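For reference, the chains in residue letters:
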Amino acid sequence: MIRELVDVVNGHEQWRGEETINLIASEGCPSPAVHEMYDRCHDLWHRYAEGMNDLDGFPTMRFYQGQRFIGPIERLAAQALKDLLGASFIDVRPVSGCIANMCTFRGLSRVTGNLRMVVAPVNYGAHISHDRHGLAGHVLGLETVDHGFNVEEMNIDPDESAKIIRKVEPGIVTFGGSLFQFPHPVRELADVVREVGGFVMYDAAHVLGLIAGGQFQDPLREGADFMTASTHKTFPGPQGAIIIANVDPDDERMRKAARKVQHSVFPISVSNHHIRRLPALTLAALEMREFGKAFAAQTVRNAQRAGEYLNENGIKVLGEAKGFTRSHQIAVDVQAHGGGKAVAEAMERANIILNMNMLPYDDPKAVFDPSGLRIGFQEVTRRGFKEGDIEELCDLIIDVLLAHRKPEEIAPDVSALRARFPDIHYGFGSVDDALERMGQ
Ligand SMILES: Cc1ncc(COP(=O)(O)O)c(C=O)c1O
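Residues numbered from 1 in each chain as written. Predicted model: local features only at pLDDT ≥ 70, side-chain atom pairs only at ≥ 80, totals over all residues. Heavy atoms only, no water.

1. As for empty space enclosed by the protein
Counted only if it meets this: Space inside and on the surface of the protein is sampled on a 1 Å grid over the protein atoms alone, with a cavity defined as a set of points where a 1.4 Å probe fits but cannot get out and a pocket as an open set with protein on both sides within 12 Å along at least 5 of 7 lines; lining residues have an atom within 4 Å of a point. Grid points are joined across faces, edges and corners, and a volume is the space filled by probe spheres set on the points. All amino acids are sorted into three groups, where Ala, Val, Leu, Ile, Met, Phe, Trp, Tyr, Cys and Pro are nonpolar, Asp, Glu, Lys and Arg are charged, and the leftover types, Gly among them, are polar.
Using the criterion set out here, one finds three cavities of 30 Å³ or more in the structure. One number sums up the size of the largest cavity: a volume of about 50 Å³. Along its surface, the largest cavity is lined by Tyr124, Phe149, Met154, Asn155, Leu179, Phe180, Gln181, Phe182 and His184. In terms of residue class, the lining of the largest cavity is built from six nonpolar, three polar and no charged.

Listed below in structure tokens is the structure:
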């Protein structure tokens, strides 16, 4: 079995790490320095640090001894992310975006005592954790009602949603999603949510790197009360999540909300919080201060160029009215080319890794063979692709879609394109490089 284990690990690293081009919109690409920092942390891998935090997100009381360095490690992570994102409150302990969502939904619904939540519909792009069929409904017993949605604009319809929020009077209204091309109307709806006594919750799992780089919307300044995010999609950190907010010391309702959310993290949902990831997360945050703007801007330009180029070549890309995307991803309708499942599999045979995706007009039962693809450009951007390289990549995608050649014949060309981009950009080359470049 050891031989088999070594072979599958090596096989994966070679195939996904070297030979294929990754366009999965929910995956990240840390720098060599962030990888190195993660690899340095051996002892931390298996330590615990259960306990309490203050409302700045810093550890206060811990139940275990041996915290001499773990405390500062957690503090640095909290501080670096708060500085980067402009927040006063943070919890760096949720080990994934789903857990961060669960803790936030639970905490906020405990403050209001209101179990109704208005969310984007799943087939219009929301994450299943927001939905009555996911943890919001099945774990927390929340009743979810859908936002209004405009398919032409691929966005929440603010007028429709305002009516829904006033009618339903929810305790929480969520924004953000998994199929997520355009900034959601937080600014337009935040006051309506407050009018009915609810909290605004923004799920930035996909777009945290774009927000940190100042190239998407700025939810906390637009009216979101709490923001959750994975730290490993457009944000180039290790897998994990954060919850952030701005808690005014004089705002007793927000203080109560932050305390309830924190209590939902520990002791309710997280016992060990995978401390090993925190130094790498801190370094990723420091990197984003240096390189985040350039990375996020190029990512959006690459995604936009892909949308335009595919569209010019007769492929149906959604959101044309608004320029296809303002984020790292595009949505493509491939019904005419065999449907999402068959096309995603053909792409894989051509060494292009992406995922099939529901589109807004799909029947929810079409989840195993939806009509679309979701394509993300954050990883190729980190590998150094610019607009011209994106066009080259799109030509290979078009070859698969239009069956110009067999996928197996296209695969070597994809690997050759990948091989031209061996380095990771927009990050430090090593921990020593980081120290030197930051003059420390
Ligand atoms: C919008 C959104 N929220 C939450 C999650 C869950 O994040 P995680 O995989 O870190 O649990 C995802 C996953 O892709 C997502 O797209």
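2. A closer look at the site of the ligand
The following threshold applies: Near is defined per residue: the residue qualifies when any heavy atom it owns lies within 4 Å of the molecule or strand. Side-chain atoms alone can form a polar contact between residues adjacent in sequence; in general such a contact is a pair of N or O atoms within 3.5 Å, and within protein one must be able to donate a hydrogen while the other accepts it. Per-residue accessibility takes into account occlusion by the displayed protein chains alone, with areas from the Shrake-Rupley method and a 1.4 Å probe. Occupancy of a cavity or pocket is assigned to a molecule whenever over half of its atoms lie within 2 Å of that pocket's grid points.
Taken together, 13 residues surround the ligand, and among them Gly97, Cys98, Ser178, Asp203 and Lys233 come closest. Interatomic distance of 2.7 Å between a backbone N/O atom of Gly97 and an oxygen atom of the ligand. With respect to the ligand, the side chain of His206 contributes an N or O atom lying 3.4 Å from an oxygen atom. Burial of the ligand by the protein amounts to 86% of the accessible area it has alone, namely 390 Å². Most atoms of the ligand, that is more than half of them, are within 2 Å of grid points of the second largest pocket.

3. Focus on the nonpolar core
Filter applied, for reference: Think of a nonpolar core as a cluster: buried Ala, Val, Leu, Ile, Met, Phe, Trp, Tyr and Cys residues, connected wherever their side-chain atoms sit within 4.5 Å. Burial status follows relative accessibility: with a 1.4 Å probe on protein chains alone, a residue under 20% of its type maximum counts as buried, one over 50% as exposed, and anything between as partly exposed. Per the convention used, a helix needs a DSSP run of H or I reaching at least four residues, while a strand needs a run of E reaching at least two, with both numbered from the N terminus.
Judged by nonpolar contacts, the single largest core of 71 residues is most densely connected at Leu81, Tyr202, Phe235 and Ile242. Considering each element in turn, this core owes the most residues, eleven residues, to helix 11 (residues 277-312). In this structure, Leu23, Met347, Ile352 and Phe421 belong to the second largest nonpolar core, which totals 36 residues.

4. Description of the packing of aromatic side chains
For clarity, the cut-off: Centre distance within 6.5 Å is the pairing criterion for rings of Phe, Tyr and Trp, where only the six-membered ring of Trp is used; planes under 30 degrees apart are then read as stacked, over 60 as edge-to-face, and the remainder as tilted.
Inspection of the entire model under this criterion finds nine aromatic pairs. Relative to Tyr64, the ring of Tyr48 has its centre 5.7 Å away and its plane inclined at 10°; by these criteria the two rings are stacked. Of this pair, Tyr48 sits in the loop between helix 2 (32-40) and strand 2 (51-53) while Tyr64 sits in the loop between strand 3 (59-62) and helix 3 (70-85), and the two are 16 residues apart along the sequence. Owing to a relative accessible area of 36%, Tyr64 belongs among the partly exposed residues under this scheme. Ring centres of Phe63 and Phe266 lie 6.2 Å apart, and the angle between their planes is 45°; on these two criteria the pair is classed as tilted.

5. Quick notes on the sheet that holds strand 17 (residues 372-376)
Definition in use: Here, a strand pair is defined by DSSP locating no fewer than two bridges between the strands.
Sheet architecture is open: four strands sit in the order 13-14-17-16, paired in antiparallel fashion. Because the sheet does not close on itself, it has two edges, and the strands there are strand 13 (316-317) and strand 16 (355-357). Bridge count between strand 14 (residues 329-333) and strand 17: five bridges; the pairing is antiparallel. Paired with Ile330 across the two strands is Ile375, which belongs to strand 17.

6. Structural notes on the pattern of salt bridges
Heads up, the condition is: A carboxyl oxygen of Asp or Glu within 4 Å of a side-chain nitrogen of Lys or Arg is what we treat as a salt bridge.
Counted according to the given criterion, the structure contains 25 salt bridges. Between Glu74 and Arg62 there is a salt bridge, with its nearest N and O atoms 2.8 Å apart. Of this pair, Glu74 sits in helix 3 while Arg62 sits in strand 3, placing them twelve residues apart in sequence. With respect to class, Glu74 is no different from Arg62; both count as buried. As a salt-bridge pair, Glu392 and Arg420 come within 2.8 Å of each other at their nearest N and O atoms. With a gap of 28 residues between them, Glu392 in helix 14 (residues 387-401) and Arg420 in the loop between helix 15 (407-419) and helix 16 (431-437) connect regions that are remote in the sequence. Its relative accessible area of 33% is what places Glu392 among the partly exposed residues.

7. Re the layout of surface pockets
There is about 1200 Å³ of room inside the largest pocket. Lining the largest pocket are 31 residues, with Glu13, Gly28, Cys29, Pro30 and His35 positioned closest to its centre. Examining the composition of the lining of the largest pocket, we find that five residues originate from one element, helix 1 (residues 2-19), more than from any other. Of the residues contributing to the lining of the largest pocket, the split by class is eleven nonpolar, ten polar and ten charged. Here the second largest pocket is characterised by a volume of approximately 530 Å³. Those elements that provide at least two residues to the lining of the second largest pocket are helix 4 (97-112), strand 11 (226-230) and strand 16.

8. Points about the pairing of strand 14
Consecutive side chains of a regular strand alternate in pointing toward one face of the sheet and then the other. With respect to burial, strand 14 is a largely interior element, five of its five residues being buried. Burial along strand 14 is two-sided: the face carrying Gln329, Ala331 and Asp333 and the face carrying Ile330 and Val332 are both buried. Examined bridge by bridge, strand 13 and strand 14 share two bridges and lie antiparallel to one another. Pairing of Val317 across the sheet is with Val332, part of strand 14.

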